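# Fold and geometry: a report
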Amino acid sequence: RTQPTPSRLYAESGGNGLWDLIVAFSGIEHDGLGRYGDPVSPDGDLSAMQELRMLMRHDGILLLGVATAEEDDVTFPYHRIYGTARLPKLLDGFELLGRVWSGHVVLGGLEHAKKYPTMWRKRNWRSALEHCLKVMRSRYANESKAQG
């Protein structure tokens, strides 16, 4: 018995994809670099994203976790870091609804890439960390009270 290919699965779905939600965290940036036995391909990451597009329903959601920075970088054969040149290629065909940066949700697309989340704009990292710990302790205390 042969393994199903993304193309075959797409065809069997009637061209509508199979899944409403796909989670890809810390994987795409390794595709095509050969580190895990895959064939070396400079665009292996872009091909993997194309496969995800085929497997996801048209109105589906992709939760994608990749390393980003201002500049693109490849540390062969380990990983890629996505910057201003490669990240738009990676996201081609997807609508970016938001992103998480330092634990905070930033709504919108790449036009918001350089905007800091509100909490971090006016605080230094120490006060921001103290605030996060305070919120976590408060949530834990409330959950503990609710459980009895």
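Summarised in this report is the structure supplied together with it. (Residues numbered from 1 in each chain as written. Predicted model: local features only at pLDDT ≥ 70, side-chain atom pairs only at ≥ 80, totals over all residues. Heavy atoms only, no water.)

## Observations concerning a nonpolar patch on the surface
- Together, Leu21, Val23, Phe25, Ile61 and Leu63 make up a nonpolar patch on the protein surface, roughly 540 Å² of accessible area in all.
- Looking at the nonpolar patch, the elements that each hand over two or more residues are strand 1 (19-25) and strand 2 (56-65).
- Examining the composition of the nonpolar patch, we find that three residues originate from one element, strand 1, more than from any other.
- With respect to the helices, strands and loops of the structure, Leu63 is situated in strand 2.
- Classification of Leu63 as partly exposed rests on a relative accessible area of 45%. (Patch = residues over 30% accessible without salt bridge, like charges linked within 9 Å, V, L, I, M, F, W, Y side chains within 5 Å. Areas by Shrake-Rupley, 256 points an atom, 1.4 Å probe, with all protein chains shown as cover. Salt bridge = Lys/Arg side-chain N within 4 Å of Asp/Glu carboxyl O. Helix = DSSP H or I, 4+ residues; strand = E, 2+ residues; numbered from the N terminus. Buried < 20%, exposed > 50% of the residue type's maximum accessible area, 1.4 Å probe, protein only.)

## Notes on the pairing of strand 2
- Of the pairings in the sheet, the one linking strand 1 to strand 2 comprises six bridges and is parallel in character. Each residue of the ladder has a partner; that of Leu21, found in strand 2, is Ile61.
- Each parallel crossover has a hand, and the one from strand 1 via helix 2 (residues 44-55) to strand 2 is right-handed. (Pairing = 2+ DSSP bridges. Right-handed = clockwise from strand over helix to strand, strands pointing away.)

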